[in-house]
Amino acid sequence: MENLSVTLRHCYTSFSLHKPNRRYLVKPASYNYTQTRFSLDIKHESSSESLPTSVSLAFSSSSSELFPHPLTELSRCDDLASVKAVHARTMRKFDRFDLEWLISRYLEFGELGYASAIFFMGFPRNQVSWMGFLREVESFGLEKHRVLEEFVQLQSKGVNFDEVVLVMVLRICTVLMNQLLGFVIHGGLIKRGVVRSDALMGFYGRCVSSDIANKMFDEMPDRDDLAWNEIVMLNLRSGKWEKAVRLFREMQFSSAKVYDRMMVKLLQVCSNQGGLEEGRQIHGYVLRLGFEGNVLMCNSLIVMYSRNGELGSSRKVFDLMKDRNLSSWNSIVSSYTAYGYVDDAMDLLEEMERCGFKPDIVTWNSLLSGHAFKGLYKGAIAILKRMQVSGLKPNSSSITSLLQAIAEPGLLKLGKAIHGYVIRNQLWYDVYVETTLIDMYVKTGCLPYARMVFDTMDEKKNIVAWNSLISGLSYAGLVQDAEALMSKMEKEGGIKPDAVTWNSLVYGYAACGKTEKALDVIENMKKNNVKPNVVSWTAILSGCSKNGDFRNALKVFRKMQEEGVCPNSATISTLLRILGCLSLLHSGKEVHCFCLKNNLIRDAYVATALVDMYTRSGDLRSASELFRSVENKPLASWNCMIMGHAMFGQGQEGIAVFNKMLEAGLEPDAITFTSVLSVCKNSGLVREGWEYFDLMRSRYGVTPSIEHCSCMVEMLGRSGYLDEALDFIQTMPLKPDATIWGAFLSSCKIHRDLELAEVAWKRLQVLEPHNSANYMMMINLYSYLKRWEDAERIRDSMRSHRVRVEDLWSWIQIDQRVHVFYAEGKAHPDEGGIYFELYRLVSEMKKSGYVPDTRCIHQNISEAEKEKLLLGHTEKLAITYGLIRKKGLDPIRVVKNTSICSDCHTVAKYITVLRNREIVLQEGSRIHHFKDGKCSCSDSW
Ligand SMILES: [Zn+2]
Ligand SMILES: [Zn+2]
């Protein structure tokens, strides 16, 4: 019996939590009731027939054995009338536990009025009980708000409640958000002399405004534990988390007891708001207050640290935990998978199983999403199998992760199999699964299937589904179809396009080079009250970048700024790529400043884009400095830096970066090897080139691409191993294309090997009959060998193929303006001054031993005329203009669209000595850095 009463007590405090058990427990007929009775001091002024409580509720100690115990009697009742009868007859015998049972029986028969009356008038008033009462009401399918209506009824019948009940009702008002009644109760409390209480603060905080609550709290003379905890919670709920943290800190100086659920809530908010510092401080309090043994708290700490990028700290908390539950394991596993550290997560899984915890669906799903995030579809499939072996069925969340994992590598067949599973297991009820299926079909390029899934969704079609298909069409280049679907979405689906919908159209037009059309869409967006956002503008920028439409890109960027849209890291990376391609170092530096000011520099992709911009713009020093400062460099960043050294012809430096990258534990990819082979090609490192080419295949499993092969051909050819290069072409695993033969032809031209050049020329006439560069190489070669007739024959062939000679130009940026020097056509306005300075330079140079290299002119003219033509080379004009206009010590930077001739190369070296200026000259993918009479390329180009 003793045990039973303990259980009953327990039931009381948790009220309905153990309802089914309680029913059985109170069933025994002979229940000896010996608890001390208590008295309720509720005064009522008038009595009402309808209220059973109108009979005195004052209980006295009674344990009469003459009557059966009321609980026994109550449990025998099968209708409302008999419950009422027992209630009326045995009124005196009820104590708090019996009353609860009585309430429960009334509620069972839907009699909320009697139940409420007993509750408000005769019942204990601690917090747990009223919450329990509300839960009980709800569990019988009754409307919670009616409890308050019953209270008002009681009041209108003249029942006068004391402040304890009023405070309790106010708490119910707070939970049920009944503002009006709350105000009335507040009035009642004032009448009873209660001006401040945490219940009032809670009510105002949750139902009116947190400012009033904060004010009330400030004016409270004696703040108890509840008040402190409540005010912190209130501020957390109303999103004022910084204020909440401040109050929490103040709370530490009072003697108030901190409730663990408040700390957990605080930590949750720190996780979602990026409050690492605050989270750390709370961790300090956790330790000081001795909560480190609290599993719930530790689990929250794990999540808080990992969400704030401190995975190491998450792990420390986890490792120090003495007791762990399944949720602790899931927290740490999901922390690792969120960062894509699937190997560590898998290790944890093994450990977890060793410790006797059976992974549940949450564990498996976070492992699946980790694999999906990293694009490791094989791993994801293996997880799915293990999950099924352990007896768990994949749910919709598992399926969506799996679909995401296979969408990127384009595993359509597998996607279709999963689609089959979805149908068999009726998971298509889940809209999220459906939309992910559409997305998978879109990404694997299977638009008809995407369309099919979309059409079967019927009325379930949500905006995500529409957007998936619209963007699919748009990305596939079917922008018109996308636009048609968008108007259908509005007309038939009744869904208004949002920014995502519009942005797919913007991207679609921009990607196919229709920048103007994309800008029109932006205007249309505005007309439809959708604000173009940073994604819209970035989409146009990346479209321009993809299509090489760099000039328009800068205009678009300016327009974006005019419209007050702040660029994000994606915008900045795209912009930097464009500036790099244009070699606009000055503008690039401005963007660098912007990144520093806006704290974007910590973004590894922005930092990589900056490294890329600096190398492309010929400022290798800044690129290296920046590269060194990037923490946790991504692979792309290493690739950029290696390519930078390749462009400058710095072979040993490039290889050193590659070796450091391997030491850092990164796995080189295809792009890395393009960079490394470019290093070898530009620096004539033939032996090393062969080594890397073999290593690439044997150790890293990278299949050679056309780029890799063309690097090899150029490397061999430029170094004079023409036969070996031809042998390579004839035995390479891929079909040699125009880039391969073009690389070979340029090598033949350098080494003036006409016989082999003609072999390449024969192929190129078929593969690339419209590339003027090939014709020019042949013309130059014939001219050099003084075979004027053959040169003329090539010129004729060029004319008959309607191939235009590409404009030759060089440019230099001075302040914000770009000055272009063309070989033919419009002259620069300052041409007179430039030639004057150039003649002066040449005469100075001649005194130092310079002899014009007239072999660079392949025309049948006199030496004097050749010398004159040499002077007109665009890079010479641009460099000279730079000397005139740019004072100071900054290097002169010139960009040229074709390769530099050996005379200009020599002249640049002389100038660095005579004028004590560095010159950086960029020609396509190579950069010459002239300094102190030498060039970075060591004259091997
Ligand atoms: Zn030249
Ligand atoms: Zn050079």
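Cut-off values and rules
Residues numbered from 1 in each chain as written. Chains lettered and ligands numbered in written order. Predicted model: local features only at pLDDT ≥ 70, side-chain atom pairs only at ≥ 80, totals over all residues. Helix = DSSP H or I, 4+ residues; strand = E, 2+ residues; numbered from the N terminus. Rg over C-alpha atoms; globule rule 2.2 N^0.38 Å. Buried ≥ 20, exposed ≤ 12 C-beta atoms within 10 Å, placed from the backbone. Contact = placed C-beta atoms within 7 Å. Pairing = 2+ DSSP bridges. Core = buried A, V, L, I, M, F, W, Y, C linked by C-beta atoms within 7 Å. Axes fitted to C-alpha atoms, helices over the stretch in contact; angles between N-to-C directions. Parallel < 35°, antiparallel > 145°, perpendicular 65-115°, else oblique. Left-handed = near helix turned anticlockwise from the far one by under 90°. Nonpolar A, V, L, I, M, F, W, Y, C, P; charged D, E, K, R; others polar. Right-handed = clockwise from strand over helix to strand, strands pointing away. Expected span 1.5 Å × (residues − 1). Arc of directions from axis to C-beta. pLDDT = per-residue confidence, 0-100.

A. Broad picture of the overall build of the chain. Check the secondary structure of the chain and you find 50 helices and 6 strands. Computed over C-alpha atoms, the radius of gyration of the chain comes to 40 Å, more than 25% over the 30 Å expected from 2.2 N^0.38 for 941 residues, which places it beyond the range of a compact globule. The dimensions of the chain, computed from C-alpha atoms along their principal axes, are 140 × 60 × 60 Å. In the chain, which comprises 941 residues, the proportion classed as buried is 42%. A sequence separation of at least 24 residues applies to 63% of the contacts in the chain between residues at least 6 apart.

B. Region of interest: the sheet that holds strand β5 (residues 926-931). Pairing within the open sheet is mixed, and its 6 strands lie in the order β2-β1-β3-β4-β5-β6. On the outer flanks of this sheet lie β2 (817-822) and β6 (934-935), each paired with one strand and no other. Judged from the 5 bridges that link them, strand β4 (residues 919-923) and β5 form a sheet pairing that is antiparallel. Counted as the bridge partner of Ile 919 is Phe 930 from β5.

C. A look at the nonpolar core. Of all hydrophobic cores here, the largest spans 236 residues; its most connected members are Leu 402, Leu 469, Val 506, Ile 540, Leu 610, Val 713 and Phe 744. Looking at this core element by element, the count peaks at 8 residues for helix α9 (residues 163-175). Non-local contacts of Leu 402, meaning those with residues more than four positions away in its chain, are made with Leu 368, Ala 372, Ala 380, Leu 384 and Ile 418.

D. Geometry of the packing of helix α28 (residues 479-491) against helix α29 (residues 499-511). Interhelical geometry of α28 versus α29 gives an angle of 165° and a closest axis separation of 10 Å. Here α29 runs roughly antiparallel to α28, going by the angle between their axes. The handedness of the crossing between α28 and α29 comes out as left-handed. Only Thr 501, Ser 504, Leu 505, Gly 508 and Tyr 509 of α29 make contact with α28, whose side of the interface consists of Val 479, Ala 482, Glu 483 and Met 486. Along the lines of polarity and charge, the residues of the contact of α28 with α29 split into 5 nonpolar, 3 polar and 1 charged.

E. Structural view of the pairing of strand β3 (residues 892-896). Most of β3 is tucked away: 5 of the 5 residues are buried. Of the two faces of β3, the one carrying Ile 892, Val 894 and Lys 896 and the one carrying Arg 893 and Val 895 are both buried. Of the pairings in the sheet, the one linking strand β1 (residues 809-814) to β3 comprises 2 bridges and is antiparallel in character. Note that in β3 the partner of Ser 810 across the bridge is Lys 896. Here 5 bridges tie β3 to β4, and the two strands are oriented parallel to one another. In the strand pairing of β4, Val 894 is matched with Leu 921. In the classification by handedness, the crossover that spans β3, the intervening helix α50 (residues 902-914) and the parallel β4 is right-handed.

F. View of the packing of helix α43 (residues 738-750) against helix α45 (residues 772-784). In contact at an axis separation of 10 Å, α43 and α45 are set at 20° when each is read in the N-to-C sense. Judged on the interaxial angle alone, α45 and α43 are roughly parallel. When the axes of α43 and α45 are compared, the crossing they make is left-handed. Each of Gly 742, Leu 745, Ser 746 and Lys 749 in α43 lies in contact with α45, whose residues at this interface are Asn 774, Met 777, Asn 780 and Leu 781. Tallied by class, residues from the contact of α43 with α45 come to 3 nonpolar, 4 polar and 1 charged.

G. Molecular detail of the environment of Leu 716. Summarising the element assignment, Leu 716 is placed in helix α41 (residues 706-718). What makes Leu 716 buried here is the crowd of 25 C-beta atoms within 10 Å. In this structure the C-alpha to C-alpha distance between Leu 716 and Asp 481, which are 235 residues apart in sequence, comes to 49 Å. Not counting the four nearest positions on each side in its chain, Leu 716 is found in contact with Val 686, Tyr 721, Glu 724, Ala 725 and Phe 728.

H. Expanded view of helix α31 (residues 534-546). In this model α31 runs 18 Å from its N-terminal to its C-terminal C-alpha over 13 residues, within 8% of the 18 Å that 1.5 Å per residue would give. Those residues of α31 lying buried are Ser 536, Trp 537, Thr 538, Ala 539, Ile 540, Leu 541, Ser 542, Gly 543 and Cys 544. Phi for Gly 548, located one or two positions after α31, is positive at around 70°.

I. Representation of the pairing of β2. In this structure, β1 lies alongside β2, joined through 6 bridges in antiparallel fashion. Within β2, the position partnered with Ser 810 by the bridge is Phe 821. Where β1 folds back on β2, the antiparallel hairpin that results is connected by 2 residues, among which Asp 815 adopts a positive phi of roughly 55°.

J. Spotlight on helix α42 (residues 722-731). Among all positions in α42, only Leu 722, Ala 725, Phe 728 and Ile 729 are buried. End-on, the buried residues of α42 take up no more than an arc of 115°, which puts them together on one face. Seen from the open side of α42, the exposed residues pointing more than 90 degrees away from its buried face are Asp 723, Asp 727, Gln 730 and Thr 731.

K. Representation of the environment of Ala 382 within the structure. Considering the arrangement of structural elements, one finds Ala 382 in helix α22 (residues 377-389). Separated by 14 residues in the primary sequence, Ala 382 and Leu 368 have C-alpha atoms spaced 9.4 Å apart.

L. Spotlight on unusual backbone geometry. Phi angles above zero are rare outside glycine, and Met 177 is one such case at about 55°. Position of Met 177 among the secondary structure elements: in the loop between α9 and α10 (179-191).

M. A look at the environment of Glu 143. Here Glu 143 lies in the loop between α7 (127-139) and α8 (145-156). According to the C-beta neighbour criterion, Glu 143 is exposed, with 10 such atoms within 10 Å. Note: C-alpha distance between Glu 143 and Val 303 (160 residues apart in sequence) is 37 Å.

N. Inspection of the confidence of the model for the chain at higher detail. When pLDDT is averaged across the chain, the result is 84; 91% of the residues are at 70 or more. In the predicted structure, residues 1-65 sits below a pLDDT of 50 and forms 78 contacts with residues beyond four places in sequence or in another chain.

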